[in-house]
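Chain and residue survey
Here are the chains, one letter per residue:
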Amino acid sequence: MTNCVADWYNRSVNIESASEIDFYLVKQFLPRRPDDSNKGSFGKVLIIAGSTRYIGAASLAIRASLRSGAGLVYAAIPEPIQIALASGIAEAIWYPLPAEKGRFSPEAARLLPALLEDKNAILIGPGLGQSKGTKNLLLTLLNWIGSSQTKIPLVIDADALNLLSQEADWPALLPPNCLLTPHPGEFSRLTGLAIEKIQADRLNIAKNYAVNWQQTLILKGANSVLADPQGNCRILPFANSVLAHGGTGDVLSGILVSLLAQGLSPFDAASLALWLHAWAAGDALEAVGHPAATLPSDIIQHLGKAINCLSRSQ
């Protein structure tokens, strides 16, 4: 898309009770990159992801985070998949943790606190799978952040959401400053609501649960809805099957954690991430030619153009 003020593919959504996530809103959120900056200027990200079944999910999240401007990206992954990931991603820093049957083992949780001390934002979830080891890791992470004084922002995505939904009174386990990223199926598991009911009233349901949980929430899907603990809502007027590929959510989560590490609030980081993700998807679609053939990895390759559109306006 040559025009930075993107002509989104679906403006039929009703946004009367929410702000539109558009170029004019998000350009103010783009982190500046002074020429005298260094890798420490743009934050340290920790991504906890992956299993032997879902190596690609971890890869997409890590690569998207690197492409979104994080200064340093650390990846805590099951040891058996390190070689596969490291051979294709030269820029990440690896924390291989104990594994069994291709997923984190229960022993991995005891090693986690040492990895968290100096990080500026954390993502957990892409490709984790659901096992005793991954649940131990998630609960250890939530407890560590909740008991620390850092209030480090945390993106909870994919299987981390599914694991949370299995816990009684799971919202009480969350520390402040989380960003939850469910699609309708995951949101249904978290709330007990039918998917049909969620889809029939996406804006109000997302708003009510964000306030009730006191967390920032993205309800993903066509015209993604963003809500914060105060009841503020924003909506992305983008709906296109280019995002109907497994892995596009992993790309979004990687962008999100990168922007959080660069100092944005969860609400503003989510707004900017949704716009960049959609704009890059539109640009990738133009380059590839058809939504059926436009892959999540194509979106990552077009993130630089999306960021450049915003940076030229600063």
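Residues numbered from 1 in each chain as written. Predicted model: local features only at pLDDT ≥ 70, side-chain atom pairs only at ≥ 80, totals over all residues. Heavy atoms only, no water.

1. Things to note about the overall build of the chain
Looking only at helices and strands, the chain has 14 helices and 12 strands in total. Rg of the C-alpha trace for the chain: 18 Å, near the compact-globule value of 20 Å for 314 residues, within the 12% margin. Viewed in the frame of its principal axes, the chain has a C-alpha envelope of about 50 × 45 × 40 Å. When the 314 residues of the chain are sorted by exposure, 58% land in the buried category. When contacts within the chain are restricted to residue pairs at least 6 apart in sequence, those whose partners lie at least 24 apart make up 69%. As displayed, the chain has an accessible area near 12700 Å², and 48% of this comes from carbon and sulfur atoms. With 24 positive and 25 negative side-chain charges, the chain shows a separation of 3 Å between the mean positions of the two kinds. (Helix = DSSP H or I, 4+ residues; strand = E, 2+ residues; numbered from the N terminus. Rg over C-alpha atoms; globule rule 2.2 N^0.38 Å. Buried < 20%, exposed > 50% of the residue type's maximum accessible area, 1.4 Å probe, protein only. Contact = heavy atoms within 4.5 Å. Areas by Shrake-Rupley, 256 points an atom, 1.4 Å probe, with all protein chains shown as cover. Lys, Arg positive; Asp, Glu negative; His and termini not counted. Charge placed at Lys NZ, Arg CZ, Asp CG, Glu CD.)

2. So, the packing of aromatic side chains
For the coordinates displayed, the defined rule picks out 8 aromatic pairs. Each ring, one from Phe 23 and one from Trp 275, has its centre 6.3 Å from the other, and the planes form 55°; the classification is tilted. Here the residue Phe 23 occupies a position in helix 1 (residues 23-26), and Trp 275 occupies one in helix 12 (residues 266-288), the gap between them amounting to 252 residues. A relative accessible area of 0% means that Trp 275 is categorised as buried. An aromatic cluster of three or more residues is present, and its members are Phe 23, Tyr 24, Trp 275 and Trp 279. (Phe/Tyr/Trp six-rings, centres within 6.5 Å; stacked < 30°, edge-to-face > 60°.)

3. What to know about the packing of helix 11 (residues 248-261) against helix 12
Direction vectors running N to C along helix 11 and helix 12 enclose 135°, while the axes themselves pass 9 Å from each other. When the interaxial angle is binned, helix 11 and helix 12 end up oblique. Crossing angle aside, the handedness with which helix 11 passes helix 12 is right-handed. Residues Thr 248, Val 251, Leu 252, Ile 255, Leu 256, Leu 259 and Leu 260 of helix 11 form the contact with helix 12, whose own contacting residues are Pro 266, Ala 269, Ala 270, Leu 272, Ala 273, Leu 274, Leu 276 and His 277. For the contact of helix 11 with helix 12, a count of residues per class yields 13 nonpolar, 2 polar and no charged. (Axes fitted to C-alpha atoms, helices over the stretch in contact; angles between N-to-C directions. Parallel < 35°, antiparallel > 145°, perpendicular 65-115°, else oblique. Left-handed = near helix turned anticlockwise from the far one by under 90°. Nonpolar A, V, L, I, M, F, W, Y, C, P; charged D, E, K, R; others polar.)

4. A look at the packing of helix 2 (residues 55-67) against helix 11
At their nearest, the axes of helix 2 and helix 11 sit 7 Å apart, and the two run at 40° to each other. On the basis of the axis angle, helix 2 is oblique to helix 11. Regarding helix 2 and helix 11, the two cross each other, and that crossing is right-handed. Listed contacts from helix 11 to Ala 57, Leu 60, Ala 61, Ala 64 and Ser 65 of helix 2 are Asp 250, Val 251, Ser 253, Gly 254, Ile 255, Val 257 and Ser 258.

5. So, the confidence of the model for the chain
With 95% of its residues at a pLDDT of at least 70, the chain reaches an overall mean of 94. Low pLDDT, under 50, characterises residues 8-12; the stretch is placed with 19 contacts to residues that sit more than four places away or in other chains. (pLDDT = per-residue confidence, 0-100.)

6. Let's talk about the pattern of salt bridges
The tally for this structure, following the rule as stated, stands at 6 salt bridges. Put simply, Asp 268 and Arg 234 hold a salt bridge, and the shortest N to O gap is 3.0 Å. Of the two residues, Asp 268 is situated in helix 12 and Arg 234 in strand 12 (residues 233-235); the sequence distance between them amounts to 34 residues. The burial state of Asp 268 is the same as that of Arg 234; both residues are buried. Within the structure, one salt-bridge network assembled from shared partners comprises Lys 44, Asp 118 and Lys 119. (Salt bridge = Lys/Arg side-chain N within 4 Å of Asp/Glu carboxyl O.)

7. What about the sheet that holds strand 7 (residues 121-124)?
Within the open sheet, the 10 strands sit side by side as 1-12-11-10-9-8-7-2-3-4. Their pairing is mixed. Only two strands of the sheet have a single neighbouring strand rather than two, namely strand 1 (19-20) and strand 4 (93-97). Relative to strand 10 (residues 216-219), strand 9 (residues 178-180) is paired through 2 bridges, and the arrangement is parallel. Bridging from a neighbouring strand, Leu 180 pairs with Leu 217 of strand 10. The strands touched by helix 12 within the sheet are strand 9, strand 10, strand 11 (225-227) and strand 12, with strand 11 carrying the most contacts at an inclination of about 165°. (Pairing = 2+ DSSP bridges.)

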